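Descriptive analysis of the structure
Residues per chain, in single letters:
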Amino acid sequence: MNILKFGGTSVGSAASIHALMDILKATQEKENSIVVISAFGGVTNQLIEMAESACSVQSYTEQLKEMESRHYDVVRTLLPAVAQNPVFSKLKIYFNELEDVLQSVGTLKELSKQTRDLILSYGERCATLTISHIAKQYFPNAVAVDGSALIKTDSNFGQAKVNTPLTEKLIQEFYLEHKDSLLFVTGFISSNEEGRITTLGRGGSDYTASIWGSALDVSEIQIWTDVNGMLTADPRMVEKAFSLPELSYTEAMELSYFGAKVIYPPTMAPAFAKKIPIVIKNTFNVAFEGTYIRHDVQPSKLPIKGISSINDISILNLSGSGMVGKAGFSGRLFSLLSREQINVVLITQSSSEHSITFAVKPNDSVHALNLIYKEFELELQTKKIDYPEVESGLSVLAIVGENMKHTPGMASRLFNALGRNGVNVRAIAQGSSEYNISVIISKADLSKAVNAVHDAFYSELKRTLHVFCLGTGNIGKTLFTQLHNQMPFLASNNDLEVKVMGISNTRKMLFSDAGLDLADWESNLEANAQPADLAQFVKHMKSMNLPNCIFVDNTASQAPIDYYEQILKSSISLVTCNKIGNSASYSQYAAFKNAARTYNVDFYYETNVGAGLPIIRTLKDLMLSGDKVSKIEAILSGTISYIFNNFNGDRLFHEIVKEAQEKGYTEPDPRDDLNGKDFMRKMLILARDAGYPLEENDVHIESMLPEACLAAKSVEEFYVELEKNSAYFENLKQQAHNANKALRYIGSLVDGKAAITLQMVDASHSFYILSGSDNIIAFTTERYKDRPLVVKGPGAGAEVTAAGVFADIINVGNK
């Protein structure tokens, strides 16, 4: 025999009740069942509102009529006309009784807990009556049972305690008299010794099912709801939450205590004692096998079983020297709270005994504070303890699972996920059982925290990066194309998902809570965007408060640089190909690095120096591995590299420069490349990453251009002057040719001194053979002393630069 309990959503409409009947038909073919029924979905809240309206002498008539009509409509829809009148008659009696009670409340202007329980009982009574009569069409032996007569409790109205021996005796006797009937039992309601209605509190209908199951030693208790069992997290917060096949009683208790609303802790106690399995099933997806909660669970490969949370909590902190070594202080405090029926959700105490922090529900916090003021008045006046304060706007997040026991690194993984996403932990608690680690955090960070922790513990799922991109020029466009094309590969090979949540250029900006479709981002930006405002773009990104968030700067503008530090301090990683920030003052460079380190986020700028070439990463790896860099030589200008690689034979220097401009290798004014300033910025960043606090003026630049070329008033005049100085360049070319050497514009860093000079190198030099617009860098170190470590390849162009930005984004994801 099984117990089947159907919640409010499973009996919320004619369609859901029809689905319930289909489930019963399939079940009754195999075994006998007892069916526990909740009030129609939303009716309990409606009854509470009517009771409160009556107490405050406000009208509740329309709500009562709506409730009546809802039940009558179900009867008309699911019962033939000939069978309707008996149900209408009984329902009318119930609604008349309810109206009389509400009128009495209005007359007295008082709503006691006892009266409130009586009012709430009509939800279950009306639902059970209605559904049992509908069931008679298919099961002639269907009988409605008022469960309040069989479940006996004390007189703690609203949260009554069950008299288990008496209750089990009454249920067993009743069942023996009606074992051939299909029983439909009211959930949630019970009665005291005088027969007055009491209720079983939150999750009371589940509790009713468990009480009946325990009394009759059933094979299984099925809780039918509107979700696929118990999930790894709240699906309203975590899209990637998935159903769990089974849980132990302890795991289910822990998850339920900390907010998992599918099932409630008291529900499981009777089943726990008798080792009866509880199955959470979905009324609207009968193919789902359910989540089994049982004693003998199979070993699981999951590091944790779930992440649960309590959305709204307040904490109180008691501290002071008078608590240290004071025997009985904690007992005195928590006995006080217990006497006043204040439930303490979480407790943590420092090992020095100097402070105790505990969490309560917000509506209990002020009462708890006043009790402490009264109880510890003497200690407060003599300053043995400090005056406590209530801190609100907090939430509890808990990770739960039996595999946590004796498994190193669980706490580390939790706190790393929270820290990486800027979630501050206010208090921590872990029991000696090691089944649960709970933290108190800001309520505003709860959704971000749950998603971040879910990604951290369920590595078999795709991790999600939330990216905000600034700049839609050549690099930005190419990056979006690369991301779009590579998405399937990242998902299948790297378990990584990249969602672009926001895009902005200098004209327009666009956001999406679900992530923008990169297949048509341009048309979407044009059609649906709002005017660009960089301050608002950053503000909105921060307000979305997403986990694993990355800001990507694909511009060459000063404007975004002003926001870098605050972005990093908001625990948002930053990826940039914009070298302005890192090549300005050293203090600014250091501020960015320190902010990233302090707030445990990534600041990646590989493309600042060599586009897609792994230059900065190579330097970092050499230094981290203990190697000492003695010299760095580099050609870090694709433009200059192209010019000198093609400056041979009869070709004149100004012709090569013109050709480079026509191919798009130079800026509109070629002097912006040839004056060495851009090259200088790259060398400056390299020097700083190598540990030298250099400023721009510390880098010596040898100009390759005659003064007349630099002083020209326009690009046209520049080319005229460049041609006039052809003899100068021809002389350089001839000198190199006669010496079997090649002209190279080389940056160097030796002993903290940086310089960029025009040099002639022979065939033994790593830079002798180059082609196209290749960049090249050589690291001479203790390990690479005789032959330097060389990195070489294209150092410019949208494709390779976008690829470098892409790689930095993925590297953030890998961390």
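Scoring rules and cut-offs
Residues numbered from 1 in each chain as written. Predicted model: local features only at pLDDT ≥ 70, side-chain atom pairs only at ≥ 80, totals over all residues. Heavy atoms only, no water. Helix = DSSP H or I, 4+ residues; strand = E, 2+ residues; numbered from the N terminus. Rg over C-alpha atoms; globule rule 2.2 N^0.38 Å. Buried < 20%, exposed > 50% of the residue type's maximum accessible area, 1.4 Å probe, protein only. Lys, Arg positive; Asp, Glu negative; His and termini not counted. Charge placed at Lys NZ, Arg CZ, Asp CG, Glu CD. Salt bridge = Lys/Arg side-chain N within 4 Å of Asp/Glu carboxyl O. Pairing = 2+ DSSP bridges. Expected span 1.5 Å × (residues − 1). Contact = heavy atoms within 4.5 Å. Axes fitted to C-alpha atoms, helices over the stretch in contact; angles between N-to-C directions. Left-handed = near helix turned anticlockwise from the far one by under 90°. Nonpolar A, V, L, I, M, F, W, Y, C, P; charged D, E, K, R; others polar. 1 Å grid on protein atoms, 1.4 Å probe; cavity = no way out; pocket = protein on both sides within 12 Å on 5 of 7 lines; lining within 4 Å. Points joined across faces, edges and corners; volume = space filled by probe spheres on them. Polar contact = N/O pair within 3.5 Å; in protein donor to acceptor, adjacent residues only side chain to side chain. Phe/Tyr/Trp six-rings, centres within 6.5 Å; stacked < 30°, edge-to-face > 60°. Lys NZ or Arg CZ within 6 Å of the ring centre and 35° of its normal. Parallel < 35°, antiparallel > 145°, perpendicular 65-115°, else oblique. Disulfide = S-S within 2.5 Å.

1. Side note on the overall build of the chain
Helix and strand counts for the chain stand at 30 helices and 29 strands. Here the chain has a C-alpha radius of gyration of 37 Å; the compact-globule value for 815 residues is 28 Å, and the former is much larger. For the chain, with 815 residues in total, the buried portion stands at 52%. Separation of charge centres in the chain, based on 76 positive and 92 negative side chains, amounts to 3 Å.

2. Here we look at the pattern of salt bridges
Considering all chains together, one arrives at 31 salt bridges under this definition. Among the charged side chains, a network of salt bridges with common partners joins E168, D217 and K274.

3. What to know about the pairing of strand β14 (residues 390-400)
The sheet contact formed by strand β11 (residues 306-319) and β14 spans eight bridges and is antiparallel. What sits directly across from G306, in β14, is V400. Both β14 and strand β16 (residues 436-442) contribute to a ladder of seven bridges, which runs antiparallel. Among the inter-strand pairings, I399 is bridged to a residue of β16, identified as I437.

4. A closer look at helix α30 (residues 798-814)
Each α-helix turn comprises 3.6 residues. Residues three or four places apart therefore point the same way. For α30, built from 17 residues, the straight-helix expectation of 24 Å at 1.5 Å per residue is met to within 8% by its first-to-last C-alpha distance of 24 Å. Buried within α30 are the following residues: T801, A802, G804, V805, F806, D808, I809, I810, V812 and G813.

5. Section: unusual backbone geometry
Of note in this structure, F188 is not a glycine but carries a positive phi near 75 degrees. Of note, F188 is situated in the loop between β4 (182-186) and β5 (189-191). The phi dihedral of K383 falls on the positive side, at around 60 degrees, and the residue is not glycine. With respect to the element layout, K383 can be found in the loop between α12 (377-381) and β14. Overall, K383 belongs to the exposed group, its relative accessible area being 70%.

6. Considerations on the sheet that holds strand β20 (residues 530-531)
Reading across the sheet, the seven strands line up as β20-β19-β18-β17-β21-β22-β23 and stay open at both edges, with mixed pairing between neighbours. Each edge of the sheet is formed by a strand with only one pairing partner; in this case those strands are β20 and β23 (603-604). Here helix α16 (residues 521-528) sits on the sheet and contacts β18 (496-504), β19 (508-511) and β20; the angle it forms with β19, its principal contact strand, is near 110 degrees.

7. Concerning the packing of helix α2 (residues 43-55) against helix α5 (residues 113-135)
How two helices pack is summed up by the angle between their axes together with the distance between the axes. Running from amino to carboxyl end, α2 crosses α5 at an angle of 145 degrees, the nearest separation of the two axes being 9 Å. Both α2 and α5 take part in a crossing whose hand is right-handed. Facing V43, T44, L47, I48, A51 and E52 of α2, the residues of α5 in contact are R116, I119, L120, Y122, G123 and E124. Taken together, the residues that form the contact of α2 with α5 break down as seven nonpolar, two polar and three charged.

8. Brief notes about the layout of surface pockets
Taken as a whole, the second largest pocket encloses approximately 1100 Å³ of empty space. Contributing to the lining of the second largest pocket are 36 residues, with I475, K579, E667, D678 and A796 lying nearest its centre. When residues of the lining of the second largest pocket are traced back to their parent elements, those giving at least two are α15 (474-493), α21 (607-610), α23 (638-646), α25 (671-674), α26 (677-689) and α30. Classifying every residue of the lining of the second largest pocket by side-chain character gives 12 nonpolar, 17 polar and seven charged.

9. Some points on the side chain of T186
Inspection of the secondary structure puts T186 in strand β4. Judged by relative accessible area, T186 falls into the buried class, the value being 3%. In this structure the side chain of T186 is engaged in a polar contact, spanning 2.7 Å, whose partner is the backbone nitrogen of G147.

10. Focus on empty space enclosed by the protein
On inspection of all chains with the given rule, the structure shows one cavity of 30 Å³ or more. Each pocket or cavity is described by its volume, and for the largest cavity that value is around 30 Å³. Lining the largest cavity are I635, I640, S641, F644, L743, R744, Y745 and L770. Of all elements in the fold, only α23 and β26 (742-750) reach the threshold of two or more residues within the lining of the largest cavity. Split into classes, the residues belonging to the lining of the largest cavity amount to six nonpolar, one polar and one charged.

11. With respect to the packing of aromatic side chains
Under the definition given, this model contains 27 aromatic pairs. Taken together, a centroid distance of 6.0 Å and an interplanar angle of 50 degrees make the contact between F644 and F653 tilted. Accessibility assignment for this pair places F644 and F653 in one class, buried. Through pairs of rings, three or more aromatic residues link up here, namely F644, F647, F653, Y728 and F729. The residue whose ring lies beneath R125 is Y122, and the NZ or CZ to ring-centre distance is 4.3 Å.

12. Let's talk about the packing of helix α22 (residues 615-624) against α26
Put simply, α22 and α26 touch, their axes get as near as 10 Å, and they point 20 degrees apart. The pairing of α22 with α26 is recorded here as roughly parallel in orientation. Here the hand of the crossing between α22 and α26 comes out right-handed. Across from I615, I616, L619 and M623 in α22, the residues of α26 making contact are I685, L686 and D689. Tallied by class, residues from the contact of α22 with α26 come to six nonpolar, no polar and one charged.

13. Side note on the side chain of T130
Its location among the elements puts T130 in helix α5. Overall, the relative accessible area of 0% leaves T130 in the buried class. Not counting residues within four places of it along the chain, the set of residues in contact with T130 comprises F40, H71, V74, V75, V87 and L91.

14. What to know about the sheet that holds strand β27 (residues 753-761)
Ordered in space as β25-β27-β26-β24-β28-β29, the six strands form an open sheet in which the pairing is mixed. Of all strands in the sheet, those with a lone pairing partner are β25 (699-701) and β29 (789-794), marking the two edges. Across the sheet, the mean angle separating the axes of adjacent strands is 20 degrees when strand polarity is ignored. Across six bridges, the pairing between strand β28 (residues 774-781) and β29 is antiparallel. Within β29, the residue paired with D774 across the bridge is P794. Against the sheet, α23 contacts β24 (629-635), β26, β27 and β28, and its axis sits at roughly 145 degrees relative to β26.

15. Considerations on helix α13 (residues 410-420)
Where α13 is concerned, the buried positions are M410, L414, A417, L418 and R420. Where α13 terminates, the next one or two residues include G422, which has phi positive at roughly 70 degrees.

16. Description of the environment of K508
Mapped onto the secondary structure, K508 falls in strand β19. For the pair formed by K508 and L525, sequence separation is 17 residues and the distance between their alpha carbons is 7.1 Å. Ignoring sequence-local partners within four residues, the contact set of K508 consists of I503, L525, E526, A529, Q530, P531 and A532. Looking at K508, its side chain comes within polar contact range of the main-chain oxygen of E526, at 2.8 Å.

17. Overview of the state of the cysteines
According to the stated counting rule, one finds zero disulfides in the structure shown. Free of any disulfide, C469 has its nearest cysteine sulfur in C577, 10 Å distant. Between C549, a free cysteine, and C469, which holds the nearest cysteine sulfur, the sulfur-to-sulfur gap is 11 Å.

18. Here's the deal with the pairing of strand β13 (residues 355-360)
Among the six residues of β13, six are classified as buried, and the element is accordingly described as predominantly covered. The two faces of β13 match: S355, T357 and A359 on one face and I356, F358 and V360 on the other face are all buried. Relative to β13, β11 runs antiparallel, the two sharing six bridges. By the bridge assignment for β13, L316 is matched with F358.

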